[in-house]
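For reference, the chains in residue letters:
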Amino acid sequence: MAEAYIVDAVRTPVGRRGGGLSGAHPADLGAHVLRALMERTGADPAAVEDVVFGCVDTIGPQAGDVARTCWLAAGLPEEVPGVTVDRQCGSSQQAVHFAAQAVLSGTADLVVAGGVQNMSQVPIGAASRTVAEGPFHGSAGWVARYGRQEVSQFAGAEMIARDWDIGREDMERFAYESHRRALRAADEGLFDAEIVPYEGVTADEGPRRDTSPAKMAGLKTLVDGGRLTAAVSSQISDGAAALLIASQRAVRDHGLTPRARVHHLSARGEDPIRMLSAPIPATAYALKKAGMTIGDIDAVEINEAFASVVLAWLKETGADPERTNPLGGAIALGHPLGATGARLMTTLVHHLERTGGRYGLQTMCEGGGQANVTVIERL
């Protein structure tokens with residue numbers, strides 16, 4: 001039976017908007033993790049058969065197939081191609097899926113997956129704003145099906161809070177815990193092995209030591225009458241991450257030591273207007289298809305796009321909150337859109353190895369009402 005192995009996984013620190021990574025060209029951020037990945041694994045770069053990178057808003061410095069640009073900017077062999085993937089916030093998790101699927105199919109043996117995003121330089125939604133009506137309402141078919149309802153992650157997160165009866169205080173408690181966990185992990189050096197410092201930036205810039213429940217309670221809601229504030233939302237960020245995915249043959253031929261195995265991968269869709277609740281049915285689908293229960297999972301990385309997303313998922317799945325985002329999530333650590341999927345997977349691989357856990361599950365909400373789910377097994 002074919003297997004897809006994760007040989008190694010690395011990332012930059014996650015920079016805050018306008019922070020230490022904000023001036024870096026996205027290709028240079030991506031090149032940084034690609035060079036580090038090749039050096040750490042000892043793999044022959046010329047043996048890599050494709051580079052699959054996630055990126056959202058591929059305009060300006062992120063245009064022109066940034067996956068290919070990153071590889072070339074790293075000084076790596078020209079004969080290796082690259083392709084850029086956009087499944088919105090799940091882009092680099094999907095990049096891992098495409099890389100693993102290529103290996104599992106037998107059509108490739110060694111593939112790099114990852115993602116990059118510089119939200120300081122290319123603001124969120126920049127590509128959508130090139131069209132007056134946005135990407136949806138100019139479509140007669142879309143309007144016939146969904147009308148002219150607002151298509152927004154903020155509206156979707158508010159819908160989830162309402163539909164699952166999640167209060168502002170619940171979300172603020174969750175957000176505060178995300179910062180607490182992230183700061184504790186940083187202080188204990190738990191991210192050190194996965195982070196490759198970039199030009200003097202050595203640690204994630206998002207976690208806030210000065211935040212408090214009282215400060216969170218004092219913030220205005222994002223919309224009048226709503227429940228969400230900036231404190232319970234993911235941070236606008238910059239960063240990159242990369243993983244090396246290998247077949248059994250590549251592991252043998254190149255003398256590689258895999259750290260984890262891809263046990264399951266899938267993606268599902270749901271209501272594109274509510275948008276962010278798809279991890280719930282996607283997780284149920286994945287566990288059923290893998291013949292597992294949520295109790296089999298030792299650690300979960302679910303993207304904290306908004307606190308309501310994770311709290312609704314916890315309610316529906318019955319997952320253990322202590323095993324879910326044990327090192328904090330995007331509310332504290334940040335969410336560089338196209339890089340976050342690979343960042344989460346990198347953190348999950350290192351966490352399982354450090355704690356001795358066997359199975360890890362990753363899922364993310366995504367634009368269009370979609371979600372990826374990956375289950376990995378530590379080796």
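No experiment lies behind these values; they were computed from the predicted model shown.

**Points about the overall build of the protein chain**
The secondary structure content of the protein chain amounts to 12 helices and 10 strands. Taken against the 2.2 N^0.38 rule, which gives 21 Å for 379 residues, the C-alpha radius of gyration of the protein chain at 19 Å falls within 12% of a compact globule. Dimensions of the protein chain along its principal axes, counting C-alpha atoms only, are 60 × 45 × 45 Å. Sorting the 379 residues of the protein chain into buried and exposed places 58% on the buried side. Pairs at least 24 apart in sequence give 81% of the contacts found in the protein chain among residues at least 6 apart. Within the protein chain, the 45 negative side-chain charges are centred at a point lying 4 Å from the centre of the 35 positive side-chain charges.

**Let's talk about the packing of aromatic side chains**
This model, assessed by the stated rule, comprises 3 aromatic pairs. Taking 4.6 Å as the distance between ring centres and 45 degrees as the angle between the ring planes, the aromatic pair formed by Trp 142 and Tyr 146 counts as tilted. With Trp 142 and Tyr 146 both in helix H4 (residues 140-146) and 4 residues apart, the pair spans about one turn of that helix. Put simply, the rings of Phe 136, Trp 142 and Tyr 146 touch in pairs and so form one group of aromatic residues. The ring of Phe 191 has Arg 11 lying over it, and the distance from NZ or CZ to the ring centre is 5.2 Å. Lying across the ring of Tyr 285, Arg 268 places its NZ or CZ 4.3 Å from the centre.

**Considering the pattern of salt bridges**
Scanning all chains against the criterion turns up 21 salt bridges. In this structure, Arg 148 and Glu 133 form a salt bridge, with 3.3 Å as the shortest nitrogen-oxygen distance. Taken together, the positions of Arg 148 in the loop between H4 and helix H5 (153-163) and Glu 133 in the loop between strand E5 (110-118) and H4 put the pair 15 residues apart, joining distant regions of the chain. Taking the relative accessible area as the measure of exposure, Glu 133 reaches 44% and is therefore partly exposed. The residue Glu 172 makes a salt bridge to Arg 168 at a minimum N-O spacing of 2.6 Å. Here Glu 172 and its partner Arg 168 are both found in helix H6 (residues 168-187), 4 residues apart, which amounts to about one turn of the helix. Classification of Arg 168 as partly exposed rests on a relative accessible area of 23%. Among the charged side chains, a salt-bridge network with shared partners connects Glu 3, Arg 261, Arg 358 and Glu 377.

**Let's talk about the side chain of His 350**
With respect to the secondary-structure elements, His 350 resides in helix H12 (residues 337-355). The residues touching His 350, leaving out its near neighbours within four places in the chain, are Asp 8, Ala 9, Arg 40, Ala 193, Glu 194 and Arg 259.

**A word on the packing of helix H1 (residues 26-41) against helix H2 (residues 66-73)**
Viewed as axis vectors pointing N to C, H1 and H2 meet at an angle of 60 degrees, and their least axial separation amounts to 7 Å. Looking at the two axes, H1 sits oblique to H2. Crossing hand, H1 versus H2: right-handed. Residues Pro 26, Ala 27, Asp 28, Gly 30, Ala 31, Leu 34, Arg 35 and Met 38 of H1 form the contact with H2, whose own contacting residues are Val 66, Thr 69, Cys 70, Trp 71 and Ala 73. A per-class count over the contact of H1 with H2 returns 9 nonpolar, 2 polar and 2 charged.

**Let's talk about the state of the cysteines**
Taken as a whole and assessed by the stated rule, the structure comprises 0 disulfides. A disulfide-free cysteine, Cys 55 has its sulfur positioned 8.0 Å from the sulfur of Cys 70, the nearest such atom. Cys 55 sits in the buried class, given a relative accessible area of 0%. Left without a disulfide partner, Cys 365 is nearest to the cysteine sulfur of Cys 89, which lies 6.1 Å away. Looking at Cys 365, the relative accessible area reads 1%, which means it is buried.

**Quick look at the pairing of strand E7 (residues 260-269)**
Here strand E1 (residues 5-11) runs beside E7; their pairing, made up of 2 bridges, is antiparallel. Its bridge partner lying in E7, Ile 6 is registered against Ala 260. Where E7 and strand E10 (residues 370-378) come together, 9 bridges link them in antiparallel fashion. Bridging across to E10, Leu 265 finds its partner in Thr 374.

**Structural notes on H12**
Taking 1.5 Å of rise per residue, the 19 residues of H12 would be expected to cover 27 Å, and the 27 Å separating its terminal C-alpha atoms lies within 8% of that figure. In terms of burial, H12 is largely enclosed, as 16 of its 19 residues are buried. Directly beyond the C-terminal end of H12, a positive phi value near 85 degrees is found at Gly 356.

About the criteria used
- Residues numbered from 1 in each chain as written.
- Predicted model: local features only at pLDDT ≥ 70, side-chain atom pairs only at ≥ 80, totals over all residues.
- Heavy atoms only, no water.
- Helix = DSSP H or I, 4+ residues; strand = E, 2+ residues; numbered from the N terminus.
- Rg over C-alpha atoms; globule rule 2.2 N^0.38 Å.
- Buried < 20%, exposed > 50% of the residue type's maximum accessible area, 1.4 Å probe, protein only.
- Contact = heavy atoms within 4.5 Å.
- Lys, Arg positive; Asp, Glu negative; His and termini not counted.
- Charge placed at Lys NZ, Arg CZ, Asp CG, Glu CD.
- Phe/Tyr/Trp six-rings, centres within 6.5 Å; stacked < 30°, edge-to-face > 60°.
- Lys NZ or Arg CZ within 6 Å of the ring centre and 35° of its normal.
- Salt bridge = Lys/Arg side-chain N within 4 Å of Asp/Glu carboxyl O.
- Axes fitted to C-alpha atoms, helices over the stretch in contact; angles between N-to-C directions.
- Parallel < 35°, antiparallel > 145°, perpendicular 65-115°, else oblique.
- Left-handed = near helix turned anticlockwise from the far one by under 90°.
- Nonpolar A, V, L, I, M, F, W, Y, C, P; charged D, E, K, R; others polar.
- Disulfide = S-S within 2.5 Å.
- Pairing = 2+ DSSP bridges.
- Expected span 1.5 Å × (residues − 1).

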